[in-house]
Amino acid sequence: MAASFGKCFLTDFSPDAFVSTCRELRVLNAVRERGVGLPLTHTQFKQLTLQVLIDRLVYRQFYPLAIEVCRYLKIPDYQGVSRVLKHWASCKVQQKDLSDEAIARAVCVKVGDSPGVSYSDIAAKAYECGRTELAIKLLDSEARSGEQVPLLLKMKKSQLALSKAVESGDTDLVYTVVTYLKNEMNRGDFFMTLRNQPVALSLYRQFCKLQEQETLKDLYNQDDDHQELANYYVTASYREKRLDSRLSLLQSAVDEYNKAKNEFSAKATEEEMRLLRIQRKLDEEKGAGLLGLSLQATIEALLALGLHKQAEQLYRDFRVPDKRFWWLKLKSLAEKEEWEELEKFSKSKKSPIGYLAFVEVCMKSNNKHEAKKYVSKVTPEQRVKAHLAVGDLEGAADAAIERKSDSELAAVLAKCPASDRQLVDRLNRAAATAAKK
Amino acid sequence: MTEKLRQLRKQPNMAHSARTDCPELPDFFLLKRLARDQLIYLLEQLPGKKDLFIEADLMSPLDRIANVSTLKQHEVDKLYKVEYKPIVSTSDQLCFLIRPRIQTVKWICDVANADKAAGRFRRYKIIFTPQKFYACDAVLEEQGIIGDVTTDEWSFYLLPLDDDIISLELPEFFRDNFLAGDQRWVRTAGSALHLLHSLYGPFSKVYGIGRCSKMAYESWREQVEEGEQKARQAEIGKVFLIDRDVDFVTPLCSQVVYEGLVDDIFKIKCACVEFGPDVTSSDKSIKVMLNSQDRVFNEIRNEHFSNVFGFLSQKARNLQTSYDKRRGMDIKQMKTFVSEELKGLKQEHRLLSLHIGACESIMKKKTKQDFQELLKTEHSLLEGFEIRESISYIEEHINRQVSMIESLRLLCLLSITENGLLPKDYRSLKAQYLQSYGVDHLLTFANLRQLGLLVEQQPGETLTVMESKVGKLVNDRTAGKLSDAFSSLAKKSNFRALSRKLNLVPKSDEEYDLRVPRDMAYIFSGAYVPLSCKLIEQVLERDGWTGLEEVTRLLNGHEFAVTGSTGADSKAKNDAQRIILVMFLGGCTFSEISALRFLGRERGCKFIVVTTAITNSSRLIEALLDNIV
């Protein structure tokens with residue numbers, strides 16, 4: 001009272017100290033009440049500190065009063081109200097006379113999402129008191145999945161732990177649960193659990209790919225995933241050095257592909273097996289060093305070695321498209337500069353890749369003389385290109401003029417040196433007449 | 001000759017008609033300094049001399065953060081590259097700086113166990129970057145050396161490659177996340193975003209599309225809630241997150257903008273390129289940093305290649321004039337010229353001759369007939385014309401074994417743009433490919449199919465058929481099969497419909513002047529506006545996804561737009577609102593960056609590109625190969 005009176009005479013005095021002291025005195029009055037019975041002087045209170053006072057109230061379970069004090073003295077939530085609520089909730093879950101449902105609801109309503117109150121801590125308390133169901137209910141309110149998982153595992157609720165971990169998006173957490181499950185469950189159950197959690201499954205698969213190839217196989221087997229199983233065998237076959245084991249792995253792959261109704265892959269794998277056998281035979285007979293090459297590379301190698309008969313055999317056996325074979329043979333002959341053979345080959349039947357290819361391949365080997373032989377055989381559409389390829393401007397001009405095509409005339413013109421007046425004029429005239437039409 | 005002169009006179013101002021009010025970019029040097037300081041701190045945790053083993057693909061990023069002398073200052077004795085072989089170090093302390101990969105951890109276990117067997121005692125420390133995974137600990141434990149090593153994390157999430165490019169340098173993000181369904185990097189992306197947010201935020205608006213984007217966003221939000229928030233002036237206003245699988249078409253196209261072309265041909269690594277003897281016209285290779293510090297490069301990086309050579313020759317002329325100035329100078333003028341200008345001119349001269357060399361080398365490779373035909377095929381695929389011709393072009397490509405990667409790229413482009421191949425074509429092209437490159441590619445094809453990059457058309461399978469199928473499966477209750485059905489529903493590319501909706505392919509009958517680009521299509525010679533960038537443009541324009549419902553349906557959804565808590569003061573600082581961070585999850589190409597730079601100039605804003613790695617068509621395809629080589 002005296003302070004209040006005296007204050008009126010001071011103008012430049014900060015009222016803060018006055019206000020806070022008044023508030024504290026009111027709190028002291030409140031705890032002096034009969035129901036509480038904590039008579040404290042202000043000095044004692046200061047010595048004791050507010051934290052301790054609140055703790056005492058909490059221990060004596062005067063939760064509402066403690067909360068009111070916190071609010072009244074404006075203590076930050078995580079030091080004040082939240083702490084009290086945490087204690088209250090921990091106490092609440094021990095009340096044996098209430099149903100799980102009722103307690104969970106009461107806790108959620110009171111605690112809401114006050115900062116600093118961890119539902120998982122409360123749930124842990126509930127679990128300690130043997131109330132697993134309540135703990136699970138409480139965990140549902142925990143916002144951070146990372147906090148839910150360890151407790152769930154402790155409570156042996158592994159399935160739930162796994163789905164919570166997946167929800168969290170934290171793969172390390174998922175992985176922790178997966179490892180735990182792997183040790184706890186028998187293999188079949190473990191795989192079944194994973195099957196229902198695609199995220200966990202792909203994570204585990206990734207790990208197996210690097211660490212436990214065999215497990216991977218079991219996983220696919222369990223799922224009847226024949227496609228993946230076949231792919232697994234194919235991969236395994238490439239790690240195998242010995243041809244026989246390789247072939248037997250590929251055979252397993254074929255079987256699985258068939259089960260997966262993937263005829264295409266089954267056939268392709270069968271052909272690969274056939275090719276491997278042929279390669280082995282040729283390697284043994286001719287020392288050709290073919291094993292493991294692709295079909296194309298095999299034919300190429302055979303042609304390079306001059307084993308034309310064997311190459312053609314492969315071409316027929318594996319139904320290699322004509323075009324591909326012609327390209328291969330053409331390139332190979334030109335590279336070895338067997339021009340006579342090449343000419344014979346060009347006449348063996350009508351070329352499925354046209355004759356411009358012959359011209360270009362010869363030019364690539366810088367043999368203009370040979371290239372020219374094929375220019376006349378080129379189809380009219382490509383003749384200008386062929387003439388240009390061998391550097392025959394006159395011929396190109398003639399062909400272009402004959403075909404009366406704008407774009408081809410322009411193409412020839414672009415190559416013409418300006419010095420060749422006569423030719424340029426001729427082309428320009430032709431272009432003009434072509435344009436008129 | 002006259003033609004050339006005319007070209008030169010027509011030389012446009014390369015800066016385009018840029019808006020002059022573009023805001024300044026924030027300074028990302030801070031990111032480097034933070035990373036360096038933390039690394040030094042970690043090295044000092046192992047006092048005394050030590051040998052440092054560095055994961056091969058961390059060498060270049062590390063070099064941008066701390067050079068050898070910095071490392072030596074902190075008692076690193078010798079530096080080795082991790083090569084998965086027994087080691088020869090004589091040091092008593094070994095430090096390993098690695099990515100959290102099981103394979104590398106296993107190798108370290110081998111090293112430690114070999115020492116044990118030899119009765120040798122050493123101290124081992126593993127520094128994982130950007131973070132450690134539980135699986136790494138599991139391996140250490142399994143191999144029985146978890147007690148012998150100490151582990152740490154170097155949270156080096158972001159490497160600024162240039163003023164406006166930041167990379168996570170995690171190329172494996174793409175395969176792990178999109179192909180294997182392994183989401184472990186999502187949290188990493190969230191943490192990277194969190195770091196940017198705490199240094200340059202708070203962001204006022206976040207948009208995104210894609211499953212992974214959404215998860216990364218959520219992971220970031222979680223981290224924001226856990227930490228405390230300091231109020232500060234935002235330097236970056238908006239954020240756009242996009243998954244790579246939203247748009248596969250763009251990275252599969254041949255790049256024709258200078259920087260992209262250089263990447264396609266010479267392979268840019270960590271903003272650095274090695275030009276071989278054919279470029280430098282000497283017998284040596286030269287490593288060149290390619291960023292905005294290089295004045296010549298900075299002016300041509302975003303240009304369509306057809307403009308670059310003209311620009312460079314003009315530049316060469318100007319340089320000559322500057323040199324010529326010195327004629328008729330008196331001694332005093334000469335002195336100032338030498339001290340002030342000559343060094344700059346010399347440097348410019350050096351850069352200019354390098355880029356001219358690079359250009360010539362590119363021209364040799366890329367102006368040939370085959371490249372023109374290749375581009376023509378790509379353009380017809382994008383437009384959806386002359387598909388038969390394109391298919392036979394691809395067939396010949398495969399038959400002649402032009403390139404293993406290129407053939408696959410074309411096949412994928414064909415499949416995506418056509419919503420899958422006809423069963424007949426699918427089989428025959430695949431069979432021919434296997435004949436060319438070996439049966440092991442069966443696995444590659446399985447991967448491409450899983451990702452929806454190369455698939456068979458389901459005859460008459462409309463969306464409703466799919467939906468009824470899904471409905472049946474729901475009754476089946478087999479989660480695995482259900483997710484399969486969903487994913488195959490999701491994997492429909494719908495490119496043609498999207499292209500119509502968003503007007504991605506401009507009408508081809510109009511002449512497109514590449515010197516004066518009128519839209520982002522210029523990065524593909526005017527033939528195609530990149531889908532990814534078009535989405536960004538549209539969403540920014542509409543401030544959300546309203547009006548794009550049909551588009552998001554075709555893209556299979558997962559879009560979001562969230563307004564940040566600090567909506568009030570966002571109006572106050574307007575500049576930050578025009579700084580937009582675009583995060584590509586799964587990589588982005590230089591062409592996309594060029595397109596965004598163009599968009600920024602048009603709209604008076606600036607884009608910062610954050611990507612898990614810089615990618616291009618060959619890196620994308622190579623990540624999906626499964627042949628054993």
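Reading the values: the criteria
- Residues numbered from 1 in each chain as written.
- Chains lettered and ligands numbered in written order.
- Predicted model: local features only at pLDDT ≥ 70, side-chain atom pairs only at ≥ 80, totals over all residues.
- Heavy atoms only, no water.
- Contact = heavy atoms within 4.5 Å.
- Buried area = accessible area lost by both parts, 1.4 Å probe.
- Salt bridge = Lys/Arg side-chain N within 4 Å of Asp/Glu carboxyl O.
- Polar contact = N/O pair within 3.5 Å; in protein donor to acceptor, adjacent residues only side chain to side chain.
- Helix = DSSP H or I, 4+ residues; strand = E, 2+ residues; numbered from the N terminus.
- Nonpolar A, V, L, I, M, F, W, Y, C, P; charged D, E, K, R; others polar.
- Domains from an automatic or database assignment.
- Buried < 20%, exposed > 50% of the residue type's maximum accessible area, 1.4 Å probe, protein only.

> So what exactly am I meant to see when it comes to the interface of chain B and chain A here?
Reports often express the size of an interface as the amount of accessible area lost when the parts come together. Contact with chain B, which involves 40 residues of that partner, is made by 39 residues of chain A. For the pair chain B and chain A, the summed buried surface comes to about 3,600 Å²; carbon and sulfur atoms form 56% of the total. Taken together, chain B and chain A are joined by 0 salt bridges. Between chain B and chain A we count 13 residue pairs in polar contact (both at pLDDT 80 or more) in total. Mapped onto the side of chain B that touches chain A, the elements with two or more residues apiece are helix 5 (102-117), helix 6 (134-142), helix 8 (184-200), helix 16 (369-383), helix 17 (387-399), helix 19 (423-437) and helix 20 (441-450) of chain B. Here the element with the most residues in the side of chain B that touches chain A is helix 19 of chain B; it accounts for 8 residues. A per-class count over the side of chain B that touches chain A returns 17 nonpolar, 9 polar and 14 charged.

> What is the right way to look at the domain arrangement of chain B in this model?
Residue and element names in this part refer to chain B. Entries for chain B in the domain assignment read domain 1 (28-155), domain 2 (163-247 + 527-623), domain 3 (269-366) and domain 4 (369-418 + 420-491). At the interface, 6 residues of domain 2 touch 4 residues of domain 3. Overall, the association of domain 2 and domain 3 removes approximately 430 Å² of surface from exposure, summing both partners, and the carbon and sulfur fraction of that is 29%. Of all residues in domain 2, Asp-163, Ser-594 and Arg-597 bury the most surface against domain 3, accounting for 65% of the area lost on that side. Where domain 2 packs against domain 3, one counts 3 residue pairs in polar contact (both at pLDDT 80 or more).

> Can you help me understand the pattern of salt bridges in this one?
If the charged atoms of two oppositely charged side chains come close together, the side chains can form a pair. All names here are of chain B. Within the structure shown, the criterion is met by 39 salt bridges over all chains. The shortest N-O distance in the salt bridge between Asp-164 and Arg-597 comes to 2.8 Å. With Asp-164 in the loop between strand 6 (159-162) and strand 7 (165-167) and Arg-597 in helix 27 (residues 590-603), this residue pair connects regions lying 433 residues apart in the sequence. A single burial state applies to Asp-164 and to Arg-597, both of which are buried. A salt bridge links Lys-315 to Glu-348; the nearest nitrogen and oxygen atoms lie 3.5 Å apart. Here Lys-315, found in helix 14 (residues 305-324), pairs with Glu-348, found in helix 15 (residues 331-366); they are 33 residues apart in sequence, far enough to count as distant. Comparing Lys-315 with Glu-348 shows no difference in burial state: the two are buried. Several salt bridges share partner residues, and in doing so they unite Asp-162, Asp-164, Glu-259, Arg-301 and Arg-597 into one network.

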